[in-house]
Amino acid sequence: MINTVEKNYIDGVFKNYKITKSDGRTWFIPLVEENSDYQEIQQWISEGNTVIDNPPE
Amino acid sequence: MALSRIDTTNMIEDVPQSKLDNNINFRNIIINGDMSIAQRGTSTSGVTSSDGYYACDRWYSQTDIGTWTISQSTDVPTGQGFVNSFKMDCTSAGTSNADEVMIRSKHEGQNLQYLKYGTSSAESLTLSFWIKSNKTGNYYVAMANANSTQDRVVSFGYTIDSANTWEKKTITIPGDTSQGFDNNNVENLTIYWLFSAASGFTSGGVSNTWINYSTSRFANSNLAGLGGSTSDEVYMTGVQLEAGTSASDFEFLPFDVNLQRCLRYFQDLAPKENDDRFTLGENVNTTRCDPILYFKPEMRAAPSFSSTAANTFSLYHSGTSRDCTSVALDSINNTGGNLIFNVSSGLTAGGCSQVITNGTGTQCFFDAEL
């Protein structure tokens, strides 16, 4: 179960999601539709949850 | 020396027949059906509603009632050749059948095309498994086809007749002539072993044949229900799903073959000893090293990445080892990718660092599960 989702920027580019799950573990999720965690994030967003987005300045 | 003559008098004319029945390789659709592979660790305690993969590879647990320890057990049916089973042990009770407790097995559609689902030649399937629980009564198995056009489901019942006794169950499922499996690498067929379920899964009763998907048709309301007592536990092993109307002997695979099949879905690339060399990377600047990793075999899809704490890794550069301060994923696909390891200072840009482990039990998980 997802607790938080944050966009992860590498060298100024949004490369993947950084998420924490309810067991406390952190995961990096590639932006790939075949990835089941990515699918879960899309479902989580569709349920009205908010992705943390702090793009580098 | 010239070959003069071959004496055929005592030559064997016929190769002796194998004594193994149904000796068709890879007939078992289930991967790790003997529960022998457990890359994530052999036991996780305190599992509540964190549905996911624990202990045995490829086996997904849903525990929405109570608290559970999920483990790879050595309790197995006697004389069957199994070494391990998958165990769910309730350690803090809830209310049985108030919510779901189940095990799932998920499968790619591209591995199921030979079943000819969606045609008049659709193959029957036979599911066999060994199971043991403290609680006797009615239990249910459902299979769902997540077809992109029309989801389908079929469900069946079985009974656990004797408490704390290994029993083999066999269920034959007619083929679905109406709907095929999509030919792709995502979740198509999912098998659910239900041990507890709320009315949303039972109100319609079992279907016994393929129907358009309805969650209410997964089980009957007389499901025995686990999770209501700390005595509740269930073990399972020897799971086989095969084409045909009868169950053949379990198809044991060599350990390396079984592991190789699991690596398509999950890999832990970190060595388990202290101070082990892990990989090499270029120092991008004085604090960052980007090592490249390759997956063998290639994974099902670009995987998710997770590791133990940053300081369980060090960068060894120019004779000095420096603890990492952060670890992140840069880019990745199903054949490999690169990570980012940061230290506080001391690297030479353009140089090279070895990534090494600090302590035992370091994890570098790549997960492409369904």
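Description of the structure in this document. (Residues numbered from 1 in each chain as written. Chains lettered and ligands numbered in written order. Predicted model: local features only at pLDDT ≥ 70, side-chain atom pairs only at ≥ 80, totals over all residues. Heavy atoms only, no water.)

With respect to unusual backbone geometry
Residue and element names in this part refer to chain B. The cut-off we apply is this: Only DSSP runs of H or I with at least four residues qualify as helices, and only runs of E with at least two residues qualify as strands; both kinds are numbered from the N terminus onward. Partly exposed residues are those whose accessible area sits between 20% and 50% of the maximum for their type, while under 20% is buried and over 50% is exposed, using a 1.4 Å probe and protein chains only.
Of the consecutive residues Lys296 and Pro297, the connecting peptide bond is found in the cis state with omega at 0°. On the secondary structure map, Pro297 appears in the loop between strand 16 (288–294) and strand 17 (304–307). A positive phi angle is found at Met35, which is not glycine, with a value near 60°. With respect to the helices and strands, the residue Met35 is situated in the segment before strand 1 (43–47). A positive phi angle, near 60°, is found at Asn97, a position not held by glycine. Tracing the chain through its elements places Asn97 in the loop between strand 5 (85–92) and strand 6 (101–108). Judged by relative accessible area, which is 24%, Asn97 ranks as partly exposed.

Digging into the interface of chain B and chain A
The criterion, for reference: Pairs of residues are marked as contacts when any of their non-hydrogen atoms sit within 4.5 Å. Summed over both partners, the accessible surface that disappears when two parts come together, traced with a 1.4 Å probe, is what is meant by buried area. What makes a salt bridge here is a side-chain nitrogen of Lys or Arg within 4 Å of a carboxyl oxygen of Asp or Glu, nothing more. Polar contacts, as used here, are pairs of N or O atoms within 3.5 Å; protein pairs need one atom able to donate a hydrogen and one able to accept it. Residues neighboring in sequence count only if both atoms are side-chain atoms. Under the scheme applied, nonpolar residues are Ala, Val, Leu, Ile, Met, Phe, Trp, Tyr, Cys and Pro; charged residues are Asp, Glu, Lys and Arg; polar residues are all the others, including Gly.
Each side of the interface is counted separately: chain B has 26 residues, and chain A has 19 residues. Both faces combined, the contact of chain B with chain A buries some 1,700 Å², and carbon together with sulfur accounts for 46% of it. Taken together, the connections running from chain B to chain A amount to two salt bridges. For the interface between chain B and chain A, the tally reads 14 residue pairs in polar contact (both at pLDDT 80 or more). Elements represented by at least two residues in the side of chain B that touches chain A include exactly strand 17, strand 20 (326–332) and strand 23 (364–367) of chain B. Partitioning the side of chain B that touches chain A into residue classes produces 12 nonpolar, nine polar and five charged.

Structural measurements only, silent on function.
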